[in-house]
Every structure is written in C-alpha cells, then in structure tokens.
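# Survey of secondary and tertiary structure
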Number of protein chains: 2
Amino acid sequence: MRKIAIIGIGQTKVHEHWNLSIRELAGKAIFAAQKDAGRKNFDALFVGNMLSGLIDQQNNLGAVIADWVGFKGEAVKIETACSSGASAFRAGMMAVASGEIDSAMVVGVEKMTDAAPNDITSALATAADSDWELEQGVSFVGLNALIMRRYMHEYGWQHEDFAPFSLNSHANAAHNPHARLPFAISEKQYKNSAMIAAPINLMDASPTGDGAASALIVPLESVHNNKRAVEIVGSGAATDTLSVHSRKMPLFLQAAYLSAKYAYAQAGNAPEDIDFFELHDAFSIMAALSLEACGFAEKGQGPRLGLSGAIKLKHGGIPICTRGGLKARGHPVGATGMYQIIESVQQLRGECGEAQVQGAKIGMAQNIGGSGASIITHILKIS
Amino acid sequence: MRKIAIIGIGQTKVHEHWNLSIRELAGKAIFAAQKDAGRKNFDALFVGNMLSGLIDQQNNLGAVIADWVGFKGEAVKIETACSSGASAFRAGMMAVASGEIDSAMVVGVEKMTDAAPNDITSALATAADSDWELEQGVSFVGLNALIMRRYMHEYGWQHEDFAPFSLNSHANAAHNPHARLPFAISEKQYKNSAMIAAPINLMDASPTGDGAASALIVPLESVHNNKRAVEIVGSGAATDTLSVHSRKMPLFLQAAYLSAKYAYAQAGNAPEDIDFFELHDAFSIMAALSLEACGFAEKGQGPRLGLSGAIKLKHGGIPICTRGGLKARGHPVGATGMYQIIESVQQLRGECGEAQVQGAKIGMAQNIGGSGASIITHILKIS
C-alpha cells in the first residue's frame, strides 16, 4: 500500500450561503484546494454528502460537482450520515493507495439552511434507525439527550460540568474566519441558554450550516520535497448497531474505540503521541464519549478533561476542536469530516495564528455518523 | 496494485418484496454470497444504493445493513444514481487492491415498489440535473425520450428497429429465475404496448423493482486454487455533463466510451475479445448507445446489431443482457450494477443453463447513472 499525503486544502466559511447552490459551494472549496496545491489536475473526485437527495432534490452529486468544476473523470458520492466527509476522504485515500489512480480530490459539502427547520429535523433523523427509532418519533437531538441523561445519572455529573466543551469550541472559533459562530461565550450564557431536549440546551448542540471543505491527496512518494505536505499515517473505520437501544454499552462509543485502535496501530501511535484532536462535538456529550473511547480518559471521566482545562489550546493536555469544532465552526453534516481534516492540516502546517497548537506534529480527526453508528478516525503527521 | 477476484455471489429475485425491508433484502443477498463463497468473514461492507433516503427515510445505509448482518467493521454507502451498484463494486475493489483491507462484501440494494408511483418518478428524477432539467418538469423517461427521438431523426431509424433489444432481454429473462419479468414477448406485443413518453413505449422501458445482489471480493493471490473464482481484469469510470443539453454530442455516451477505454486498456482487451456484454438497457435507446460507445457498432448503427441477431445468445456476435438485462431482469436502480456483475460471474462459471454463452471466458458489464452522466465499466475473466 502506497503512503498518502495531502498537498492542498480549501474551504468555504460555514454560513447561510443563500446565493450559492450546492455545486457552487463545492466548487469554491475545490478551486481553493487546487490553488493551495499549486496544481489543477486530479484523477477522481470523491464527494462526502448526506442530504443532497432529501434537501436539494439532487442525487448523482459526484457527477453534478464534476460537471461544475469541468472534470470528466470518475466521481462518486459517499454517504455515512454525519461521517460522510471522513468516509469520502478514506475512499479517496484507498483509491490512491491502490495505485488505481494517482490523485484524488475529496470534497465534503452540505447545504442545509434554505430548507425549513422541520424538514431538516426530519432529514437528519434519517441518520437514526428508521424502523426502530424514527418510528417512535424520537428526533436525533432526542436520542443524544437520552444518552446524556443516562450518562449524567450513571456517573454523577451535573449539566454545568459539560460547559467547558462548549466554551472551548467557541473560544477557538473566535480565531477561525471560516467558523459559523466565531465568538467566545461565557459560562453564564451556557447555563442560561434555551433548553432543546433536556438535558441538551442550545449551547450543547452544534449549529447546522452550508459549507464545503476539500483536500487534494496524492502518493507521498511524489511530494517528498514539499514541506507543506501532510501525511496520512493512520486511518480506521468501524460501525456499531444503528439503534442506541441495541447496544450492550450505550454510553461507550465502540466504533470510536475500534476505529481509533486501527488508526493508532497503523500509525504506530498511542493517545499520548497526539498533539491535538479534532473530535465530533455534535453535542457536548459526544465530546466526552469520544475522548473516553480514544484513550484520553477513563469511562465516565471525559468531563474531567474539560474541567481541568486539558482540552484547551495552551494547557499542554489534549487540545480539542482547535478551530471551533462542530459546536462553533458549525456542522454542515456531510462536510464536517472534511473540515476536521483540513483544520488538522492547518494546525500541522502552523497556519492557525492565535489558535495554533505550538509545535504540533501529529493530529487526529474523528468523525461520527448517527448516534455513534459509523465512526472514522484519521491520524495526520507532518515531517 | 493487487489483482482482485470474486469468490462468492448472491441475489434476491427482482420482485415486489412487500414483506422485506431494505435491510432484510440486502441481508438475503449477503448471506447467499457468504454461502456461495463458503466463508462468512469480510473486512468491510460497500453498499450501492440510490434512494434509501428519499424512499425509505433511511440514510447511513452502510451501518444499517452492517448491523443487520452482524458486522461491526467499516461500512459505507456509495451513490452515483442508477450506477451506484457498479460504483460500490469499484470502491470495494480499490479498497482490497490498496491492501488496506483483505476482503470486501459489496451489495447493491434498492426497495422501490412500496412507494407511490409519483414519488418514485420524482425520486428517480433526482438523477437528472435538479437546477437545469427538473426545473423544466422533464421526467427521467422524458429525457431519454428526447434522446431517442433525436437519434431516430438523425440516423433514420423507425421505432420498430429497436424491438430486438426488448425481445432479446425478455427471451433471456425466461431462463433466469431471479428476473422480474421472466417471459418472452412477441414483436406484436412490442409494437402494441402503451406509449409512455413518445417514442418510448412500455416495452422500451425497464421496470423498477425491489432487489439486492452481492459479491465477495478478495485478492486474486489468495484464491489461485479456486476454479470458480472470477478475476476483475479491467475497471474504468468516467462522468459527463449531468444535463443532456450541455453535451456537444448528446447522442454519444462519452463517459461510456472513456470508462470502456480505461477498462479495455487495463485488461489488455478489445471489443472482439468480449464474449458477452451486460449493458444498461434502462431504455432500448441506451442499449444502442452503449454498443456504439464501447466499440461494437459505428455511431448511429447500434440497432443493426439487434436487427442482425448479433446480440442474441447463440448467434456468435456479441450477446447482451444474457440474464434479461434491465428490461426484463428488472431495474432496482442502485442494485442494478451489482446484478450485472453477478450475472457475469454466472456466465463465466457456466451456470446459466439454457441462457449460457458457450465457452465464455471474458465478460463485460456496464452500468449507467443519470442520462449517461456517470458510467462504470468492468471486465471479468475466468481462467
């Protein structure tokens, strides 16, 4: 298997892009990645997207975006709900690693804000089990609320113990011009924000948005003189039961554990080697569970990393969501996994200004689809 | 790049499966492929599907099916409209070829018949260009009718000149127990059938259906003592503009030409080496265009191969749609590409009884998404 590197990245701001169609959004990110890479050509296009059929009445999105950017080669859409971005990245990586192609453009894209909120809630619910969860009328935030409630009960945490996750993401987003909510929030704002599905309040929940993020990947052997190239040293993917009630341990992200285990093994790394972790804080409970499953905290003890400050940029612990995470950079669902990848590249290249993790050499990104049903973990490294 | 082989196949009948959910359908094909292969384990699951979000309110279909078949590893859905099946197969092939995994289960699955016909027409229209074609109210069959009308005008063909495509598919389906319409039709039935979108009548159009088809793929090096193993010797994919009106040559399938060119080059084959061709006769005009783009007929002369009988099983020409094609085996859209693959395996193994192409050693399968926007070609060979 050939080693793989990222040589160019691009993104749009996560925003309400009323004036851009989904193909235009994707095009902006792709053109930016081409510019960043200093080359235009690629052999295949991999699109991560969840909702184009339901929200945009557009399937065949690979061909749509290929058409828009003037490309006639292979183009596919990969869908694994909210982890579609990372799944597309992994598919592109394997295609290049196989030798079948020599370069892959990967783009994650989602356009959500011009659909009615009720339609978005219904569309997002398709990430849960249609026959066994949706049938009960439970929304996606409702499922996460059930998990958080049980977690608080089981391990004795209070709601405010989750505040550091939200505050940290917002504080970091203030330095990210592409973030949907680029401002810090106070603990008081966290406590007083509106309840969505108890115990999840507005500050526990990530906002939707329109956005696209893209990366150009090539064999590592072709770029050894490029000091900005970032190597993919580990990649793992796993699934769990779709419905939360079917899991023996509903408070443990088994697929996060497995996918991280595969990625660590491939990279020859352990949690202590990771300089920062772009995790999937769709809800603050997911930040805690992700840290636990990946070996940064004991079961039930994820919130301690928030309360101790270990998740912050300059603490020397394990900085997370360094560009704002899902909570404040925003969560354009099928695009999120690619935002995590390109933000990791920005950190490794040292391009994050006031949000820079000093001396970062190894970063990890983890993308979650459904309530933990599909999880993909990547480890990236710069020489 | 490692060479790849298929060691097990499975399928359901294409039918109205009122009593089976989409996960159960997929499971039946996967369990059958495991039984056929004589092994149960695989490293990753690749699902080809177009409409689960729109019709079944179920995204994250990779994880859904993995869950159902008791698998906790990597699982993704690949979507390229009606070519999703072949795209999933190609993704699985590249994943195994890369060395990242050692075995891939690929399943194409679609469940269409328990949605209202109008909903299906709308859902299928998402394979066309939402902003530029759907906006005009043109359905998918309408787009194909425009292409067929222009083709007849340009090259001087009459409607009845397309009859052999439909008659051939139905005659072959009579020997396929998994076909949706397993019976022969007469030329009179073809001529007298109801008009759908002139000049496309009911016998020019493939039926939808519920179905799933699956294959287990592994590195060739691991199976050299297995005489039933079928090698994938060529694979190619390409795209074209999504909207038909944007094409310089709307009567030529450029993506079919390119993907076949890549597959021929990889396999070291030419059209004259191909013993049979499972092509994408969603509409009879597409059979003609596919034959032309892949080098079996000159531009505008595809119907001659039908009229001369060259497409029939025992003529010595280029047999097509040997198990019934889309027209009579049925077209459960995201599953179709996988039916083409496993039917090719059946021919190469000599398991087709009265529909057997005698001495077949090399077969080709071509799957089309949209009105020619996404096309994938595979060449399969048995030793």
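All residue numbers refer to position in the chain's written sequence, counted from 1. Whichever chain is written first becomes A and whichever ligand is written first becomes 1, with later ones labelled in order. Selection of residues for local features in this predicted model requires a pLDDT of at least 70, selection of side-chain atom pairs for listing and counting requires 80 or more, and totals for whole chains, interfaces and linings are taken over all residues.

## Some thoughts on the overall build of chain A
The following threshold applies: Comment: elements are numbered from the N terminus, with helices defined as DSSP H or I runs of at least four residues and strands as E runs of at least two. Within these notes, the globule rule equals 2.2 Å times the number of residues to the 0.38 power, and the radius of gyration is based on C-alpha atoms. Each residue is classified by how many other C-beta atoms fall within 10 Å of its C-beta atom, where C-beta atoms are placed from the backbone; a count of 20 or more means buried, 12 or fewer means exposed, and values in between mean partly exposed. Think of it this way: build a C-beta for each residue from its backbone, and any pair within 7 Å is a contact.
Each helix and strand counted, chain A has 13 helices and 11 strands in total. Radius of gyration (C-alpha) of chain A: 19 Å, near the 21 Å computed for a compact globule of 383 residues. Dimensions along the principal axes, computed over C-alpha positions, put chain A at roughly 55 × 45 × 40 Å. Residue burial in chain A is summarised as follows: out of 383 residues, 66% are buried. Within chain A, counting contacts between residues at least 6 apart in sequence, those at least 24 apart form 77% of the total.

## Some points on the relation of the copies chain B and chain A
Two chain copies here: they are related by a rotation about an axis and a translation along the same axis. Rules: Here the copies are superposed with least squares, the fitted atoms being C-alpha atoms of residues at a pLDDT of at least 70 in both.
For the match of chain B to chain A, the screw axis carries a shift of 0.0 Å, the RMSD comes to 0.0 Å, and the turn is 180°. What the rotation and shift describe, once combined, is the action of a two-fold rotation axis. Among all C-alpha atoms of chain B, that of B:Ser98 lies closest to the rotation axis, at 1.7 Å.

## Overview of the interface of chain B and chain A
Formally: Throughout, the ten residues Ala, Val, Leu, Ile, Met, Phe, Trp, Tyr, Cys and Pro are labelled nonpolar, Asp, Glu, Lys and Arg are labelled charged, and all others, Gly among them, are labelled polar. Strand pairing is assigned whenever DSSP identifies at least 2 bridges connecting the two strands.
With 48 residues of chain B at the contact, the number on the chain A side is 48 residues. The set of elements that each furnish at least two residues to the side of chain B that touches chain A consists of helix 2 (52-56), helix 3 (61-68), strand 3 (74-79), helix 4 (84-98) and strand 8 (230-239) of chain B. Class assignment for the residues of the side of chain B that touches chain A results in 20 nonpolar, 19 polar and nine charged. Pairing analysis gives three bridges linking strand 3 (residues 74-79) of chain A to strand 3 of chain B, with the strands arranged antiparallel. Residue pairing in the sheet places A:Glu79 in a bridge with B:Lys77 of strand 3 of chain B.

## Description of helix 13 (residues 336-349) of chain B
Residue and element names in this part refer to chain B. Formally: Take the number of residues in a helix, subtract one, and multiply by 1.5 Å to get its expected span.
Between the first and last C-alpha of helix 13 there are 20 Å, a value that for 14 residues agrees with the 20 Å anticipated at 1.5 Å per step. The element helix 13 is largely enclosed, with a buried count of 13 among its 14 residues. Count one or two residues on from helix 13 and you reach Gly350, which has phi positive near 75°.

## Description of the pairing of strand 10 (residues 362-369) of chain A
Residue and element names in this part refer to chain A. In terms of residue burial, strand 10 counts as a mostly covered element, since seven of its eight residues are buried. Strand direction decides the pairing type here: strand 9 (residues 276-278) and strand 10, joined by three bridges, are parallel. Note that in strand 10 the partner of Phe277 across the bridge is Met364. Note: strand 10 against strand 11 (residues 374-381), eight bridges, orientation antiparallel. Bridging across to strand 11, Met364 finds its partner in Ile379.

## Digging into the confidence of the model for chain A
Put simply, the rule reads: Every residue carries a pLDDT, the predictor's confidence in it, which falls somewhere between 0 and 100.
With 100% of its residues at a pLDDT of 70 or more, chain A shows a mean pLDDT of 96. The ipTM value of the predicted complex is 0.95, and its pTM value is 0.97.

## Some words on unusual backbone geometry
All names here are of chain A. That bond from Ala198 to Pro199 is cis: its omega, 5°, falls within 30 degrees of zero. Within the element layout of this structure, Pro199 appears in the loop between strand 5 (195-197) and strand 6 (200-201). Backbone geometry places Gln57, a non-glycine residue, at a positive phi of 50°. On the secondary structure map, Gln57 appears in the loop between helix 2 (52-56) and helix 3 (61-68).

## A short note on the pairing of strand 8 of chain B
Residues and elements named next belong to chain B. For strand 8, a buried count of eight out of 10 residues is recorded, marking the element as mostly surrounded by other parts of the structure. Both strand 1 (residues 4-11) and strand 8 contribute to a ladder of three bridges, which runs antiparallel. Within the sheet, the bridge partner assigned to Ile4 lies in strand 8 and is Ile232. Relative to strand 11 (residues 374-381), strand 8 runs antiparallel, the two sharing eight bridges. Looking at the pairing, Gly236 lines up with Thr377 of strand 11.

## Re the domain arrangement of chain A
Residues and elements named next belong to chain A. Filter applied, for reference: For the purposes of this description, domain bounds are those given by an automatic or database domain assignment.
Each assigned domain of chain A is listed here: domain 1 (4-116 + 210-222) and domain 2 (124-201 + 233-381). Taking only C-alpha atoms into account, the centre of domain 1 sits 23 Å from that of domain 2. Taken together, the 34 residues of domain 1 in the interface contact 30 residues of domain 2. For the side of domain 1 that touches domain 2, the leading source of residues is helix 4 (residues 84-98), giving seven residues. A per-class count over the side of domain 1 that touches domain 2 returns 18 nonpolar, 12 polar and four charged.

## Points about the environment of A:Lys77
Looking at the secondary structure, you find A:Lys77 in strand 3. Residues A:Lys77 and A:Gly92, 15 residues apart in the sequence, show an inter-C-alpha distance of 11 Å. Those residues within four positions of A:Lys77 in sequence are excluded, and the remaining contacts are A:Val47, A:Asn49, A:Leu61, A:Gly62, B:Glu79 and B:Thr80.

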